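Tertiary structure, described
Here are the chains, one letter per residue:
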Amino acid sequence: AVKETGKADFRFYEEGMLEQARERLALTVELREALQRGELDVEYQPKRNLRDGSLAGVEALARWHHPTRGDVPPAIFVAIAERSALIHALGEFVLRSVLAQVKLWDASGTHVDYVAINLSMHELSRPAFVETLARTVRSYGVDPMRIRFELTESTAMREPEETLRQLVKLRSHGFDLLIDDFGAGYWNLGHLRELPVGTIKIDQSFVRGSGLNLVDREITEAIVGLAKKLNMRTIAEGVETEAQADWLRELGCDVGQGYFFARPMTPDAFRRYLDPSLVYAG
Ligand code: C2E
Ligand code: MG
Ligand code: MG
Ligand code: MG
């Protein structure tokens, strides 16, 4: 009986794997089409200076509104894109969307200091990645100071030295770099010494845990303290309550981002958000 169950489980497992592979392939094909047809868009989430509540900048987050599946979460389609060459097309799409949006904001007198774009380390494998990117930004007439990159690392780096060289080059073009999800991904303390980054984003798991347990609170404090010693700035992500925002401000964390302040928004919703007088106008 035990053997039979084992067999049945194994077959189930195999079918699961096959199903998963099929699903992944389907999504890859659909993502390619969606990128070609322009079916993705970008939302913007405010980052607030904790000291005075002013708008520090925004983070650009890719959105895929699938015609039949509904919204596909970025955690899924970014991973799919990273497994294929689609990550390059996705990165280019987001960059161009952001640059066009910055131009629109500037033309309408909407003051947004900078947009932080998530950069997958897989994107660096494209030949002449940094040069192409810098040329694209120039072609829109946008100052590189307005664009920052949040470095995300979902797997251990395959070529750390080459990655580092590319990031130094990116920085030398005037783009500020942030380490995203610090403390939760593959970035480690050694990277703080090697990477040309000025800001650490504390992973939201610590921020969330800070109200619940002492360890997450201590870890958050330690990251803010470490950043101060290294003359780096800190952003807390996933701030969901006023208590968290207050506590982070007292700690000396510079910037907060999270549902407590605002969710990621379409450019239209963001315009209404910045101009409360428009709320009842429409
Ligand atoms: P991330 O860069 O760490 O972005 C933060 C994520 O947390 C976003 O999820 C955001 O919507 C969510 N978030 C913000 N505030 C809160 C909060 O208070 N509570 C909770 N529970 N969540 C909050 P999202 O948009 O689903 O994106 C997930 C991840 O996908 C991002 O994590 C980023 O790694 C990746 N991603 C998104 N857009 C892009 C993109 O254009 N390019 C690349 N390479 N990756 C992207
Ligand atoms: Mg990010
Ligand atoms: Mg993050
Ligand atoms: Mg994250």
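Below you will find a few notes about this structure. Small disclaimer: the values here were computed from a predicted structure and weren't measured. (Residues numbered from 1 in each chain as written. Chains lettered and ligands numbered in written order. Predicted model: local features only at pLDDT ≥ 70, side-chain atom pairs only at ≥ 80, totals over all residues. Heavy atoms only, no water.)

**Here's the deal with the packing of aromatic side chains**
Aromatic rings in a pair are described by how distant their centres are and how their planes are angled relative to each other. Under the convention used in this document: By convention, a stacked pair of Phe, Tyr or Trp rings (six-membered ring in the case of Trp) has centres within 6.5 Å and planes under 30 degrees apart, an edge-to-face pair has planes over 60 apart, and any other such pair is tilted. Helix and strand assignments follow DSSP, with helices taken as H or I runs no shorter than four residues and strands as E runs no shorter than two, numbered in order from the N terminus. The criterion for a charge sitting over a ring is simple: Lys NZ or Arg CZ within 6 Å of the ring centre, and within 35 degrees of the ring normal.
Using the criterion set out here, one finds six aromatic pairs in the structure. With 6.2 Å between their ring centres and 25° between their planes, Phe270 and Tyr273 make a pair best called stacked. In this pair, Phe270 and Tyr273 both sit in helix H10 (residues 267–274), three residues apart, roughly one turn of the helix. Aromatic ring contacts, followed pair by pair, group Tyr44, Trp105, Phe270 and Tyr273 into a single cluster. Positioned above the aromatic ring of Tyr114 is the side chain of Arg148, whose terminal nitrogen or guanidinium carbon lies 3.6 Å from the ring centre. Arg263 extends its terminal NZ or CZ atom over the ring of Tyr259, reaching a point 3.8 Å from the ring centre.

**Here's the deal with the coordination of the magnesium ion (ligand 2)**
When a metal holds four donors in a tetrahedron, each ideal angle between them is 109.5 degrees; when it holds six in an octahedron, the ideal angles are 90 or 180 degrees. Here is the rule we go by: Because no water is among the atoms considered, metal sites can look incomplete, with donors defined as N, O and S atoms within 2.8 Å of the metal, or 3.2 Å for Na, K and Ca. Relative accessibility thresholds used throughout: buried, under 20% of the residue-type maximum; exposed, over 50%; partly exposed, between the two (1.4 Å probe, protein chains only).
The coordination sphere of the magnesium ion (ligand 2), as far as protein atoms go, consists of Glu59 (OE), Asn118 (OD1), Glu150 (OE) and Asp180 (OD), spread over 2.0 to 2.2 Å. Donor residues for the magnesium ion (ligand 2), ordered by position in the chain, follow E-x58-N-x31-E-x29-D. The distance between the magnesium ion (ligand 2) and the magnesium ion (ligand 3) comes to 3.9 Å, and Asp180 binds to both of them. Placement of Glu59 in strand S2 (residues 55–66) and of Glu150 in strand S5 (residues 147–152) is noted, with a sequence separation of 91 residues between them. The buried category is assigned to Glu59, whose relative accessible area is 5%.

**Description of a nonpolar patch on the surface**
Convention followed: Here the term patch refers to residues with relative accessible area over 30% and no salt bridge, with like charges joined within 9 Å and nonpolar side chains (Val, Leu, Ile, Met, Phe, Trp, Tyr) within 5 Å. Surface exposure here means Shrake-Rupley accessible area, sampled with a 1.4 Å probe, where a residue is shielded only by the protein chains that are shown. Between Lys or Arg on one side and Asp or Glu on the other, a salt bridge is scored when a side-chain nitrogen of the former is within 4 Å of a carboxyl oxygen of the latter.
Side chains of Leu189, Leu226 and Leu230 sit close together on the surface and give an oily, nonpolar patch of about 260 Å² of accessible area. Position of Leu189 among the secondary structure elements: in helix H6 (residues 189–194). When its relative accessible area of 57% is taken as the criterion, Leu189 is described as exposed.

**A look at the site of ligand 1**
As a reminder, the rule being used: Whether a residue is near a molecule or strand depends on its heavy atoms: it is near if one of them lies within 4 Å of it. Whenever two N or O atoms come within 3.5 Å, that pair is a polar contact, provided that in protein one can donate a hydrogen and the other can accept it, and provided that, for residues adjacent in sequence, both atoms are side-chain atoms. Three categories are distinguished: nonpolar for Ala, Val, Leu, Ile, Met, Phe, Trp, Tyr, Cys and Pro, charged for Asp, Glu, Lys and Arg, and polar for the others, with Gly belonging to the last.
Near ligand 1, the surroundings consist of 24 residues, among which Arg63, Asn118, Gln204, Glu240 and Tyr259 are the closest. Here a nitrogen atom of ligand 1 and a backbone polar atom of Ala62 are 3.1 Å apart. The contact in question runs from a nitrogen atom of ligand 1 to an N or O atom on the side chain of Glu240, over 2.5 Å. Expressed as a share of its isolated accessible area of 790 Å², the protein-covered part of ligand 1 is 84%. Those elements that place two or more of their residues in the shell around ligand 1 are S2, helix H2 (74–82), strand S4 (115–120), S5, strand S6 (176–182) and helix H7 (204–210). No other element matches S2, which puts four residues into the shell around ligand 1. Its residues assigned to classes, the shell around ligand 1 shows eight nonpolar, seven polar and nine charged.

**Topic: unusual backbone geometry**
Positive phi is not limited to glycine here, since Ala128 has a value of about 55°. Along the chain, the position of Ala128 falls in the loop between S4 and helix H4 (129–139).

**Side note on the packing of H2 against helix H3 (residues 86–107)**
To keep things clear, this is the line we draw: Here an axis means a line fitted to C-alpha atoms, over the contact stretch when the element is a helix, while the angle between two N-to-C directions is reported on a 0 to 180 degree scale. An angle below 35 degrees is read as roughly parallel, one above 145 as roughly antiparallel, one from 65 to 115 as roughly perpendicular, and any other as oblique. Here a residue-residue contact requires only that any non-hydrogen atoms of the pair lie within 4.5 Å.
With their axes 6 Å apart at the nearest point, H2 and H3 run at an angle of 125° to one another. The pairing of H2 with H3 is recorded here as oblique in orientation. Within the contact between the two elements, H2 uses Phe77, Val78, Ala81 and Glu82 and H3 uses Leu86, Ile87 and Leu90. For the contact of H2 with H3, the per-class residue count stands at six nonpolar, no polar and one charged.

**Description of the pattern of salt bridges**
Scanning all chains against the criterion turns up 21 salt bridges. Two residues, Glu59 and Lys201, come together in a salt bridge whose shortest N-O distance is 2.8 Å. In this pair, Glu59 is assigned in strand S2 and Lys201 in strand S7 (residues 199–202), connecting sequence segments 142 residues apart. The same class applies to Glu59 as to Lys201, namely buried. For Glu162, the salt bridge is made with Arg165, and the minimal N-O distance between the two is 2.9 Å. Of the two residues, Glu162 and Arg165 both sit in helix H5 (residues 160–172), three residues apart, roughly one turn of that helix. Note on Arg165: relative accessible area 51%, which makes it exposed. Here the residues in one salt-bridge network are Lys47, Glu59, Glu150, Lys201 and Glu237, joined through shared partners.

**Here we look at the side chain of Glu150**
You can call Glu150 buried: its relative accessible area is 0%. At 2.6 Å, the side chain of Glu150 and the side chain of Lys47 are in polar contact. Looking at Glu150, its side chain comes within polar contact range of the side chain of Lys201, at 3.0 Å. Glu150 has contacts with Lys47, Glu59, Ala116, Ile117, Asn118, Leu119, Leu178, Asp180 and Lys201, leaving out every residue within four places of it along the chain.

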